[in-house]
Amino acid sequence: MRSNLKSILGRKGLIWMMGKGAMWMSTLPMHIAATGSKPENYPFKADRSTWDEEKDDILERANWLCEQIIRDPEELISYMPTFIGREFQGQWAIYCCSMLTHALTNISILYPEKKAYSIEQIEKLIRMVDTPTMREYDTMKWGEDAMASLDGNKSHMTYLSILAWMISNYKLICRDVRFDTQLHGCCEALNRRMLKSQYDLNLLSFPRTPIFLPDMLVPIVALHNYGKLYHGEYDETVNRWLQNAKTKWIDKRTGLLAGKLPGASRRLKRMQVLGTYSALNCSYLSLIDPVFAHEQHELMKKTFWKEKTVMGTRIAGIKEYSNKDPKFSLKSGDAGIVIYGISVGGCAFALGTATYLGDWEMRYELLRTAEIAGNTVGKKRKRHYKLGELFMVGEATALAMRTNVPR
């Protein structure tokens, strides 16, 4: 989920985004006034009553996302911001689908009466993603179709792992066999390519790039789920990768799992740790190794948690950098916008482990910051952050992470 917003926006787009930032800042006091006290619908305990209090907010956000995302694949891609270009439109579109699938899977667990509806919507999402149009972004990078070249050796990691993760989630809640051929093919190819990799079981997201460990965690989640479904198949690969993660790819200064490794990049010379990558690493790890996820979550808070008073009101969230706090930045890929050092993307991703591990106070602070930045609007049993109209992938990610419950 990476794009350098500053480079792809260009001068006019950057001025436009700064204008949006100025408008956000001008209305900040109103957002703070609307969210100054603790909302009663944000749970602080992992019991049924608190989740039921949050139920309407979760389900109405899911309704809006299903309406916006489940459509003709070409239409969905064109619905992504045009200023990011066709390739990144395709990436954002498929991430919308995968995050909405994860959210609907979680909703089926939280609210069993919504299980049939969730399964129906997930099936539509899988059928969307399993099309040449939705994998066009991947074909543009690798020069071949991912599903037509499963016997080959090129990575295609992002596309294959996303499709496999979506199908495995689907099967974990309904055990339907209609997508088994795709699931078997994706997981076999990913496992075989990982075992042959020159990068310690890691695969490149795209040619000539660093290793993005948050991206690599998606095939690990998919293979882990596959093992749940098929008697531990691929568990050895998953365990070997996790052992490497715990020993080889830990940043000595912070103790955090790296976000980037040099891989095939000529520019990156050493592992890199950023708040956004750490938050996403932690959330994916919660689905595989909750003990490791908890250790990383605590280290992430120690390194990247920030609280700041703005206009008399405290805001809190995940910093992007451990050694600086820029007031406004667009430089850091998945972080999106960084304001007062706090990463919008990092805050959304951090909701995943905060929810899974029951760190309810942190979860409340993150949701409150999201409300200040995003500004919820809605009608007719649908709601969303106003900012989600521009960054729908952020809306889908926030819902997936805030519902990231054990299963």
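To keep things clear, this report deals only with the structure shown in the data block. (Residues numbered from 1 in each chain as written. Predicted model: local features only at pLDDT ≥ 70, side-chain atom pairs only at ≥ 80, totals over all residues. Heavy atoms only, no water.)

**Topic: the side chain of arginine 193**
With respect to the element layout, arginine 193 can be found in helix α8 (residues 180–196). Look at arginine 193: it is buried, it has no salt bridge, and the nearest opposite charge is glutamate 144 at 5.7 Å. Within the local environment of arginine 193, its side chain forms a polar contact with the backbone oxygen of glycine 152, the two atoms lying 3.1 Å apart. Setting aside chain neighbours within four positions, we find arginine 193 in contact with Ser149, Leu150, Asp151, Gly152, Asn153, Lys154, Ser155, His156, Leu160 and Leu203. (Helix = DSSP H or I, 4+ residues; strand = E, 2+ residues; numbered from the N terminus. Buried < 20%, exposed > 50% of the residue type's maximum accessible area, 1.4 Å probe, protein only. Lys, Arg positive; Asp, Glu negative; His and termini not counted. Salt bridge = Lys/Arg side-chain N within 4 Å of Asp/Glu carboxyl O. Polar contact = N/O pair within 3.5 Å; in protein donor to acceptor, adjacent residues only side chain to side chain. Contact = heavy atoms within 4.5 Å.)

**As for the environment of isoleucine 167**
Here isoleucine 167 is to be found in helix α7 (residues 157–174). We classify isoleucine 167 as buried; its relative accessible area is 1%. With 45 residues separating them in the primary sequence, isoleucine 167 and isoleucine 122 have C-alpha atoms 8.6 Å apart. Leaving out residues up to four positions away in the same chain, isoleucine 167 has contacts with Ile126, Phe179, Gln182 and Leu183.

**A word on the packing of helix α4 (residues 85–110) against helix α5 (residues 115–129)**
The contact between α4 and α5 brings their axes to 9 Å, and the two run at 160°. When the axis of α4 is compared with that of α5, the two are roughly antiparallel. The chirality of how α4 crosses α5 is left-handed. Of the residues in α5, those touching α4 at Ile94, Cys97, Leu100, Thr101, Leu104, Thr105, Ile107 and Ser108 are Lys115, Ser118, Gln121, Ile122, Leu125, Met128 and Val129. Partitioned by chemical class, the residues of the contact of α4 with α5 number 9 nonpolar, 5 polar and 1 charged. (Axes fitted to C-alpha atoms, helices over the stretch in contact; angles between N-to-C directions. Parallel < 35°, antiparallel > 145°, perpendicular 65-115°, else oblique. Left-handed = near helix turned anticlockwise from the far one by under 90°. Nonpolar A, V, L, I, M, F, W, Y, C, P; charged D, E, K, R; others polar.)

**What about the state of the cysteines?**
Taken as a whole and assessed by the stated rule, the structure comprises 0 disulfides. The thiol sulfur of cysteine 96 is not disulfide-bonded, and the nearest other cysteine sulfur, from cysteine 97, lies at 6.8 Å. (Disulfide = S-S within 2.5 Å.)

**Re unusual backbone geometry**
The backbone phi angle of aspartate 200 is positive, close to 55°, even though this residue is not glycine. The residue aspartate 200 is located in the loop between α8 and β1 (211–212) in this model. Phi angles above zero are rare outside glycine, and arginine 381 is one such case at about 60°. Mapped onto the elements, arginine 381 comes out in the loop between β8 (376–379) and β9 (382–385). Residue classification places arginine 381 among the exposed residues on the basis of a relative accessible area of 53%.

**Some details on the packing of α7 against α8**
Running from amino to carboxyl end, α7 crosses α8 at an angle of 135°, the nearest separation of the two axes being 9 Å. By the criterion of interaxial angle, the relationship of α7 to α8 is oblique. Seen from above, α7 lies across α8 with left-handed handedness. Contacts between α7 and α8 involve Met157, Leu160, Ser161, Leu163, Ala164, Ile167, Ser168 and Lys171 from the first element and Asp180, Gln182, Leu183, Cys186, Cys187, Ala189, Leu190 and Arg193 from the second. Partitioned by chemical class, the residues of the contact of α7 with α8 number 10 nonpolar, 3 polar and 3 charged.

**A closer look at the pairing of strand β3 (residues 305–310)**
Two elements, β3 and strand β4 (residues 313–318), share 6 bridges in a ladder whose sense is antiparallel. Of the residues in β4, the one forming a bridge with lysine 306 is glycine 317. (Pairing = 2+ DSSP bridges.)

**Digging into the side chain of histidine 224**
The topology assignment puts histidine 224 in helix α9 (residues 213–229). Given a relative accessible area of 17%, histidine 224 falls into the buried group. Contacts of histidine 224, omitting those with residues within four sequence positions, involve Val238, Leu287 and Ile288.

**Some thoughts on the nonpolar core**
Ile69, Cys97, Tyr159, Leu160, Leu213, Trp241 and Met300 are the most contacted members of the largest nonpolar core, which has 120 residues in total. Counting residues per element, this core draws most heavily on α4, which supplies 13 residues. For leucine 160, the residues in contact, after removing those within four places along its chain, are Ala146, Met147, Leu150, Ser155, Cys186, Ala189, Leu190 and Arg193. (Core = buried A, V, L, I, M, F, W, Y, C linked by side-chain atoms within 4.5 Å.)

**A word on the pattern of salt bridges**
Side chains bearing opposite charge may pair, as long as their charged atoms lie close to each other. Within the structure shown, the criterion is met by 29 salt bridges. Across the pair glutamate 113 and lysine 55 runs a salt bridge, and its minimum N-O distance is 2.4 Å. Taken together, the positions of glutamate 113 in the loop between α4 and α5 and lysine 55 in helix α2 (residues 48–69) put the pair 58 residues apart, joining distant regions of the chain. The salt bridge involving glutamate 307 is made with arginine 314; its shortest N-O contact spans 3.7 Å. Given the relative accessible area of 33%, arginine 314 is considered partly exposed.

**Re α5**
A rise of 1.5 Å per residue sets the reference length of α5, with its 15 residues, at 21 Å; its end C-alpha atoms lie 21 Å apart and thus fit the reference within 8%. Within α5 the residues assigned to the buried category are Ser118, Ile119, Gln121, Ile122, Glu123, Leu125, Ile126, Met128 and Val129. (Expected span 1.5 Å × (residues − 1).)

Any functional reading would require information that these geometric values do not contain.
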